[in-house]
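Each chain is listed here by its residues.
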Amino acid sequence: KKMVNMDTLISLSTIVAFLYSLFNTLFPSFFVNRGIDVHVYYEAAGMILSFVLLGKFLEERAKNRTGSAIKGLMGLQPKTARVLVQGGSTEKEVPVSMLQVGDLVLVRPGERIPVDGVVDEGLSYVDESMISGEPVPVEKQPGDKVLSGTINQRGSLTIKASQVGSGTVLAQIVRMVREAQGSKAPVQKIADKVSSIFVPVVINIAVVTFVLWMLIGGTAYFSMALLAAVSVLVIACPCALGLATPTALMVGIGKAAEKHILIKDAYALENMGKVDCVVLDKTGTLTKGKPEVETIFWTKIPSETEKAVFLAGEMKSEHPLAEAIVQYLQQEDVAPALLDRFESIPGKGIEFTFEGQQFRAGNLPFVLPQEGAPQAGILQAVPALDHSIEKMVTSWQQEGKGVVFFGDSTRVLAVAALKDPVKETTFTALEQLGKMNIQVHMLT
């Protein structure tokens, strides 16, 4: 579909100015013999083109920078994958593009997962922050779903591919960002529509200007008539209308993608200015997303050995909360003990022995002694403390804190409360949203 736009004005004005100047350069006597001063406008045509090309250059540079956001997302997917063949007895490294649904893919610790699929074998924690924004790694065991581009943390996983290539969630995100950058906002569509009407009007005004100068002043004012007509074409060109809008949209959506903010399309971006209600996630958005130990409550005065055993067990654990407990105990100058045995039980906790004595850390049903455990109350401790400790733990859980129990074969020795601290910038951001009369809700 052929349409006139801002480039039409620029082309007409520079071509007319150049041809007029070239004619005066080659045949100066034509106007001199008629008593008209000869002028050339090479510099005007050159500067107009220079400014327009500079604007185009800046626009292309902005596009290239924005394209790096898409390249960054695409770079999250591995180029190759290890596929188990011959019944899983051997592994073969193949390009990701050759993977097929149903393939068994082996992912080692520290590697990115190349496909969307289901864990067939293995146990590990997977960092899914680039997809969900949840910074705490998620435990994965057989039957759990995993996504392409996420990072396998410690254990090896065998994954049965369910989506490959363009069908993965990551590929859909990349496609959505690319389509968003190519979409047109309502204001841009208006600009295009205005241009289709505005440009012909300006051209007609330039022609009328030239004709009026010639009618009123005669041929003696031909040079002025031509200069006035060219001036109308150049000055009336709304370059900002055509350049600023698409560039701003492209750069805005690209920069947002770099910050892990995905904007569906240009229409959504333009209408964000009308938003009066914002719904926020909690973990990693309002909070730091990295658990910290608030306190460790010991049911009795702990010995250095008990602290050392607790530290040693958590240092061997792969659970995301273990690191926070380790850091807390190390701040108390506790040195880890040398354990006799260690075992991680998925979904429950860890079990380990020191000098023949058994210890456990994890959730309450797992840590509670198996024999003689009380049916009422949650802790087998000094009777006078039962109710107060139970009340304290319940309060922590109601506040959304993580609770880790540590005990030996006879009793619970300690209860650790972990929290996800609020970011320092959260209060400022909420205050600014309040000043903008925007309602804020938390959905978590």
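Data block above holds the structure.
Keep in mind that this is a model prediction, so the values were computed, not measured. (Residues numbered from 1 in each chain as written. Predicted model: local features only at pLDDT ≥ 70, side-chain atom pairs only at ≥ 80, totals over all residues. Heavy atoms only, no water.)

Caption draft 1: Representation of the overall build of the chain. In terms of helices and strands, the chain carries 14 helices and 17 strands. Within the span of the chain, comprising 444 residues, buried residues form 38% of the whole. Entry remark: accessible area of the chain is about 24900 Å², with carbon and sulfur atoms responsible for 59%. (Helix = DSSP H or I, 4+ residues; strand = E, 2+ residues; numbered from the N terminus. Buried < 20%, exposed > 50% of the residue type's maximum accessible area, 1.4 Å probe, protein only. Areas by Shrake-Rupley, 256 points an atom, 1.4 Å probe, with all protein chains shown as cover.)

Caption draft 2: Highlighting a nonpolar patch on the surface. Side chains of Ile15, Phe18, Leu19, Leu22, Phe23, Leu26, Phe27, Phe30, Val40 and Tyr42 sit close together on the surface and give an oily, nonpolar patch of about 870 Å² of accessible area. A total of six residues in the nonpolar patch trace back to one element, the largest contributor, which is helix α1 (residues 6-26). Following the sequence through the fold, valine 40 ends up in the loop between α2 (29-32) and α3 (42-74). Overall, the relative accessible area of 34% leaves valine 40 in the partly exposed class. (Patch = residues over 30% accessible without salt bridge, like charges linked within 9 Å, V, L, I, M, F, W, Y side chains within 5 Å. Salt bridge = Lys/Arg side-chain N within 4 Å of Asp/Glu carboxyl O.)

Caption draft 3: Summary view of the sheet that holds strand β1 (residues 80-85). Spatially, β2-β1-β3-β9-β4-β7 is the arrangement adopted by the six strands of the open sheet, whose pairing is antiparallel. Both edges of this open sheet fall to β2 (90-95) and β7 (145-146), since each of them pairs with a single strand only. Where strand β4 (residues 116-122) meets strand β9 (residues 157-163), six bridges bridge the pair, whose relative direction is antiparallel. Of the residues in β9, the one forming a bridge with glycine 117 is alanine 161. (Pairing = 2+ DSSP bridges.)

Caption draft 4: Spatial organisation of the side chain of lysine 401. Tracing the chain through its elements places lysine 401 in the loop between α13 (383-398) and β15 (402-408). Take lysine 401: its relative accessible area is 17%, and that puts it in the buried class. A distance of 2.8 Å separates polar atoms of two side chains, one belonging to lysine 401 and the other to glutamate 399. If near-sequence neighbours (up to four positions away) are discounted, lysine 401 is found in contact with Glu294, Trp396, Leu418 and Lys419. (Polar contact = N/O pair within 3.5 Å; in protein donor to acceptor, adjacent residues only side chain to side chain. Contact = heavy atoms within 4.5 Å.)

Caption draft 5: Structural context of the packing of aromatic side chains. In this structure the tally under the stated criterion is nine aromatic pairs. Ring centres of phenylalanine 310 and phenylalanine 406 lie 4.3 Å apart, and the angle between their planes is 5 degrees; this geometry places the pair in the stacked category. Of the two residues, phenylalanine 310 sits in helix α10 (residues 304-316) while phenylalanine 406 sits in strand β15, which places them 96 residues apart along the sequence. Just as phenylalanine 310 is buried, phenylalanine 406 falls in that class too. Ring centres of phenylalanine 352 and phenylalanine 406 lie 6.4 Å apart, and the angle between their planes is 5 degrees; on these two criteria the pair is classed as stacked. With phenylalanine 352 in strand β13 (residues 349-354) and phenylalanine 406 in strand β15, this residue pair connects regions lying 54 residues apart in the sequence. Taking the relative accessible area as the measure of exposure, phenylalanine 352 reaches 0% and is therefore buried. (Phe/Tyr/Trp six-rings, centres within 6.5 Å; stacked < 30°, edge-to-face > 60°.)

Caption draft 6: The nonpolar core, seen in detail. Counting 27 residues, the largest nonpolar core has Ile296, Val309, Phe310, Ile325, Phe352, Phe406 and Leu418 as its most contacted members. For this core, the secondary structure elements donating two or more residues are β11 (292-298), α10, α11 (320-331), β13, β14 (357-362), β15 and β16 (412-419). Contacts of phenylalanine 352, omitting those with residues within four sequence positions, involve Val309, Gly313, Leu339, Arg341, Phe342, Gln357, Gln358, Phe359, Arg360, Ala361 and Phe406. Val115, Val126, Val146 and Ile159 belong to the second largest nonpolar core, which has 16 residues in total. (Core = buried A, V, L, I, M, F, W, Y, C linked by side-chain atoms within 4.5 Å.)

Caption draft 7: Structural detail: the side chain of serine 317. Looking at the element boundaries, serine 317 is found in the loop between α10 and α11. Excluding residues that lie within four positions of it along the chain, serine 317 makes contacts with Arg154, Ala322, Phe342 and Ile350.

Caption draft 8: Highlighting the environment of glutamate 179. One can find glutamate 179 in helix α5 (residues 169-182). Along the primary structure glutamate 179 and alanine 266 are separated by 87 residues, whereas in three dimensions their C-alpha atoms are 9.4 Å apart.

Caption draft 9: Region of the structure containing the pattern of salt bridges. Enumeration over the complete set of coordinates arrives at 14 salt bridges. Glutamate 294 serves as the salt-bridge partner of lysine 401, at 2.6 Å between the closest nitrogen and oxygen. Of this pair, lysine 401 sits in the loop between α13 and β15 while glutamate 294 is found in strand β11, placing the two residues 107 residues apart along the sequence. Overall, the relative accessible area of 32% leaves glutamate 294 in the partly exposed class.

Caption draft 10: Quick look at unusual backbone geometry. Look at aspartate 333: it is not a glycine, yet its phi comes out positive at around 60 degrees. On the secondary structure map, aspartate 333 appears in the loop between α11 and β12 (341-345). In the Ramachandran plot, asparagine 437 falls in the positive-phi region, its phi being about 60 degrees despite a non-glycine side chain. Take asparagine 437: its relative accessible area is 67%, and that puts it in the exposed class.

Caption draft 11: Representation of the sheet that holds strand β8 (residues 151-152). With antiparallel pairing, three strands are arranged side by side in an open sheet as β6-β5-β8. Each edge of the sheet is formed by a strand with only one pairing partner; in this case those strands are β6 (138-140) and β8. Strand direction decides the pairing type here: strand β5 (residues 124-127) and β6, joined by three bridges, are antiparallel. In the sheet register, serine 124 faces β6, and the bridge partner there is lysine 140.

Caption draft 12: Just the packing of α10 against α11, in detail. The interhelical angle for the contact between α10 and α11, taken along N-to-C directions, is 145 degrees, at an axis separation of 9 Å. Crossing geometry of α10 relative to α11 is assigned as left-handed. Taken together, the residues of α11 that come into contact with α10 (itself represented by Lys307, Phe310, Leu311, Glu314 and Met315) are Ala322, Ile325, Val326, Leu329 and Gln330. For the contact of α10 with α11, the per-class residue count stands at seven nonpolar, one polar and two charged. (Axes fitted to C-alpha atoms, helices over the stretch in contact; angles between N-to-C directions. Left-handed = near helix turned anticlockwise from the far one by under 90°. Nonpolar A, V, L, I, M, F, W, Y, C, P; charged D, E, K, R; others polar.)

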